[in-house]
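For reference, the chains in residue letters:
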Amino acid sequence: RRRERNIGPMVGNRLPKKMLALLKTAGELGRDMGWEIYAVGGFVRDILLGRPNSDLDLVVEGDAIAYARRMADLLGGRIKAHVKFKTAVVILADGQRVDVATARLEYYEYPAAMPTVELSSIKMDLYRRDFTINALALRINPGRFGQLVDFFGAEQDMKNKVIRVLHSLSFVEDPTRILRAIRFERRFDFQIGGQTLRLIKNALSLDLFSKLSGTRILHELQLIMVEENPLACLNRMQELGILEAIHPLLKLSGERMQVLMELVKVNNWYKLLYQKPEAEPWKLHLLGLTMGIKRDQIGQITSRLRLTAREERDFILLRDQIGEALMKLMSWREDRSRLSRLCAILRPIPLEGVLFLMARSKKEHIRRNISQYLNRLRDITSDVTGDDLKTLGIRPGPAYTTILARVLDAKIDGRATSREDQLRLVERLWRTMQRRGGAQCEGT
Ligand code: CTP
């Protein structure tokens, strides 16, 4: 089988001009230093799939760190080197990052079946990777620019839309690849191949997940949760028993799925309206995934996923706040309750919690009002300030907080919309407080 074919024209057509120029320069530098340079991994995969990808990974059949240094000198940039791994990141002046690695020969044992004569360092480097579609390389040295190197049938797999591992120990070596397989499968609308699926099931039956650190699982979950369709991934995880392998309490029940679906809709709606601040996807999804888990059990999940002490505390607090807000919202009547009360319920809750409440509420009027809160109410500020209170002769003290909060409520509820109305309200409130004997406050 021919292992190389020229895709230069496709590379030229599909890459932005700037990226193309960078590749050419990187190739010329390789020639000057006497080393073969390849673009590899997701970058090459996405050229073939016609998807944008600006994460450039290069492999050098030579000294990656020396190469990275020269590149930074040539193009203006800085490098971060990992001497131990013989890798470096070049950060160019415009922010573009280029990951550079030394082609690795020693990473895994040579499989006995592989004819030694054929081994080149790029081949071994590619062989230690996760899936065929990620094990492509693109030559970029002048004269060979645009030669696609495909040792493992990646192009065929792309045509057949399959995710396939390169060898049977792939998941044993790195069980997080199971989550990656699902992520790529759902992202590209591919299928995990038959043998690869058997290897996944085998890895699960060997309980490899239990040996995987929470930090790595959480990292992979986070990557899933920023995919375009995280729920498709979660569904697939459920189907293969992976959620339960992570922790038996993490089961995707119908109810959790329902809320997660709403949550994605609500979050998309929110992102369309506001770019910032964004809700953190993992917090949103973890709220949905842990719905119904009792407070005394939630620690099992947070410690399995190795949340930091602070993340754990915040997450548990968030769940408590949501629980409390749900109770309060039950008695919230649109016709009789004030919007200021809704604000008081929602204001202390971080964005993830507010979006979760919106997704979770079955009552239409509550959803509508939470949306109104996010749209408008949370930004309302009163038109009087502490300085105004001072001018009115009220001595600074705790009364300020009370008065200003009451004025804001009145504005939210439409009872004191103009500054004049609000100033009058201040005076009225102050008189009442004095009558009630607010000893700590003095009027004039
Ligand atoms: N890789 C691997 N095993 C892993 C993680 C990564 O073999 N557990 C390899 C893959 O070949 C991958 C490359 O390292 O292409 C770079 O990893 P990463 O940047 O995470 O992957 P991408 O394929 O670029 O994925 P994405 O499009 O999600 O960025």
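Note that the structure is a prediction, hence the values are computed from the model and not measured.

### A closer look at the pattern of salt bridges
Item 1. Taken as a whole and assessed by the stated rule, the structure comprises 29 salt bridges.
Item 2. With a closest N to O distance of 3.3 Å, Arg216 and Asp174 form a salt bridge. With Arg216 in helix H10 (residues 214-225) and Asp174 in the loop between helix H7 (170-173) and helix H8 (176-188), this residue pair connects regions lying 42 residues apart in the sequence.
Item 3. In this structure Arg216 comes out as partly exposed when scored by relative accessible area, which is 39%.
Item 4. Note that Arg236 is salt-bridged to Glu239, the shortest N-O span being 2.6 Å. Pair noted here: Arg236 and Glu239 are both in helix H11 (residues 230-239), with a separation of 3 residues, about one helical turn.
Item 5. Note on Glu239: relative accessible area 58%, which makes it exposed.
Item 6. Salt bridges here are not isolated pairs; linked through shared partners, they connect Glu4, Glu36, Arg139 and Arg144.

### A look at the pairing of strand E5 (residues 87-92)
Item 1. In terms of burial, E5 is largely enclosed, as 6 of its 6 residues are buried.
Item 2. Of the two faces of E5, the one carrying Thr87, Val89 and Ile91 and the one carrying Ala88, Val90 and Leu92 are both buried.
Item 3. Alignment of strand E4 (residues 77-82) against E5, held across 6 bridges, turns out to be antiparallel. In the strand pairing of E5, Ala81 is matched with Ala88.
Item 4. Hairpin connection, E5 to strand E6 (residues 97-102): the antiparallel pair is bridged by 4 residues, and Gly95 has positive phi, about 95°.

### Considering the sheet that holds strand E1 (residues 4-6)
Item 1. Strand order in this open sheet of 8 strands is E1-E8-E7-E2-E3-E6-E5-E4, and the pairing throughout is mixed. On the outer flanks of this sheet lie E1 and E4, each paired with one strand and no other. Averaged over all adjacent pairs, the angle separating strand axes in this sheet is 30°, with direction ignored.
Item 2. Across the sheet, helix H2 (residues 17-33) is in contact with strand E2 (36-40), strand E3 (56-61), E5 and E6; its angle to E3 comes to roughly 10°.
Item 3. On the sheet, helix H3 (residues 42-49) packs against E1, E2, E3, strand E7 (137-139) and strand E8 (147-149) and is oriented at approximately 65° with respect to E2.

### Here's the deal with the site of the ligand
Item 1. Taken together, 13 residues form the shell around the ligand, and within it Arg45, Asp130, Asp174, Arg183 and Arg187 come nearest.
Item 2. In this structure, Asn134 approaches the ligand through a main-chain N or O atom, which is 3.5 Å from an oxygen atom.
Item 3. Between the ligand and Arg180, the relevant distance is 3.0 Å, taken from an oxygen atom to a side-chain nitrogen or oxygen of the residue.
Item 4. Relative to its free-state accessible area of 570 Å², the ligand is covered by the protein chains to the extent of 73%.

### Observations concerning the domain arrangement of the protein chain
Item 1. In terms of domain boundaries, the protein chain breaks down into domain 1 (4-159), domain 2 (161-246), domain 3 (251-379) and domain 4 (386-435).
Item 2. The C-alpha-based centres of domain 2 and domain 4 are spaced at 58 Å.

### Brief notes about the pairing of E3
Item 1. Across 4 bridges, E2 lies against E3 in antiparallel orientation. Bridging across to E3, Glu36 finds its partner in Glu61.
Item 2. Summarising the sheet, E3 and E6 pair through 5 bridges and their orientation is parallel. From the neighbouring strand, Val59 faces E6, where its bridge partner is Ala101.

### A word on unusual backbone geometry
Across the chain, the bulk of peptide bonds are trans and the bulk of non-glycine residues have phi less than zero.
Item 1. Positive phi outside glycine occurs at Lys161, with the angle close to 55°.
Item 2. Position of Lys161 relative to the elements: it lies in the loop between helix H6 (154-160) and strand E9 (162-163).
Item 3. A positive phi angle is found at Asp207, which is not glycine, with a value near 60°.
Item 4. Among the secondary structure elements, Asp207 is positioned in the loop between helix H9 (194-205) and H10.

### Concerning the environment of Asp57
Item 1. For Asp57, the location among the structural elements is in strand E3.
Item 2. Leaving out residues up to four positions away in the same chain, Asp57 has contacts with Tyr38, Ala39, Val40 and Asp99.

### Topic: a positive patch on the surface
Item 1. Taken together, the side chains of Arg406, Arg428, Arg431, Arg435 and Arg436 present a region of like positive charge at the surface.
Item 2. Per-element accounting of the positive patch gives the leading share, 3 residues, to helix H22 (residues 419-435).
Item 3. Looking at where Arg406 falls in the secondary structure, it is placed in helix H21 (residues 398-412).
Item 4. Accessibility expressed as a relative area gives 46% for Arg406, which makes it partly exposed.

### Overview of helix H17 (residues 339-346)
Item 1. Of all the 8 residues making up H17, 6 are buried; the element is thus mostly covered by neighbouring parts of the structure.
Item 2. Regarding H17, the residues found buried are Leu339, Ser340, Leu342, Cys343, Ile345 and Leu346.
Item 3. Lining the buried residues of H17 we find helix H16 (309-330), helix H18 (351-360), helix H19 (364-375) and H21.

### A word on the packing of aromatic side chains
Item 1. In this structure the tally under the stated criterion is 7 aromatic pairs.
Item 2. For the ring pair Phe131 and Phe171, a centre distance of 6.4 Å and an interplane angle of 50° mean the geometry is tilted. Placement of the pair is Phe131 in the loop between helix H5 (121-127) and E7 and Phe171 in helix H7, with a sequence separation of 40 residues.
Item 3. Phe131 gets classed as buried once you look at its relative accessible area, which sits at 0%.
Item 4. Taken together, the ring pairs in this structure connect Phe131, Phe171, Phe184, Phe188 and Phe190 into an aromatic cluster.

### A word on the packing of H11 against helix H13 (residues 254-273)
Item 1. Closest axis-to-axis distance for the H11/H13 pair is 10 Å, and the angle between their directions is 160°. With respect to their mutual orientation, H11 and H13 come out roughly antiparallel. For the pair H11 and H13, the crossing hand works out as right-handed. Residues Leu231, Leu234 and Asn235 of H11 form the contact with H13, whose participating residues are Met257, Leu260, Met261 and Val264.

Definitions and cut-offs
- Note that residues are indexed from 1 along each chain, following the sequence as it is written.
- The predicted origin of the model limits local features to residues at a pLDDT of at least 70 and limits the giving and counting of side-chain atom pairs to 80 or more, whereas totals for whole chains, interfaces and linings rest on all residues.
- Values reported for side chains reflect all heavy atoms of the structure, with hydrogen atoms and water molecules removed beforehand.
- For this analysis, a salt bridge means a side-chain nitrogen from Lys or Arg found within 4 Å of a carboxyl oxygen belonging to Asp or Glu.
- Strands are runs of DSSP state E lasting at least two residues, helices are runs of H or I lasting at least four, and both sets are numbered from the N terminus onward.
- Exposed residues in this analysis have more than 50% of their type's maximum accessible area, buried residues have under 20%, and partly exposed residues fall in between, with area computed by a 1.4 Å probe over protein chains only.
- Pairing between two strands requires that DSSP report at least two bridges joining them.
- Think of each axis as a best-fit line through the C-alpha atoms, taken over the contacting stretch in the case of a helix, with angles from 0 to 180 degrees between the N-to-C directions.
- Between two residues, a contact is recorded if the distance between any of their heavy atoms is within 4.5 Å.
- Put simply, a residue is near a molecule or strand once any heavy atom of it comes within 4 Å of that molecule or strand.
- Within 3.5 Å is the distance limit for a polar contact, defined as a pair of N or O atoms, with the added protein rule that one can donate a hydrogen and the other accept it, and that residues adjacent in sequence qualify only through two side-chain atoms.
- In this description, accessible areas are obtained by the Shrake-Rupley approach with a 1.4 Å probe, and a residue is regarded as covered only by the protein chains that are shown.
- The domain limits used here are those given by an automatic or database domain assignment.
- Patches here are clusters of residues that have more than 30% relative accessible area and form no salt bridge, with a 9 Å joining cutoff for like charges and a 5 Å cutoff for nonpolar side chains (Val, Leu, Ile, Met, Phe, Trp, Tyr).
- For the charge count, each Lys or Arg is scored as positive and each Asp or Glu as negative, with His and the chain ends excluded.
- For the purpose of locating charges, the reference atoms are NZ of Lys, CZ of Arg, CG of Asp and CD of Glu.
- Any two of the Phe, Tyr and Trp rings considered here, Trp counted by its six-membered ring, make a pair once their centres fall within 6.5 Å; the pair's planes then place it as stacked at under 30 degrees, edge-to-face at over 60, or tilted in between.
- Throughout, the term roughly parallel applies to angles under 35 degrees, roughly antiparallel to angles over 145, roughly perpendicular to angles from 65 to 115, and oblique to all others.
- Crossings are classed by handedness, with left-handed meaning an anticlockwise turn of the near helix from the far one by less than a right angle and right-handed meaning a clockwise turn.

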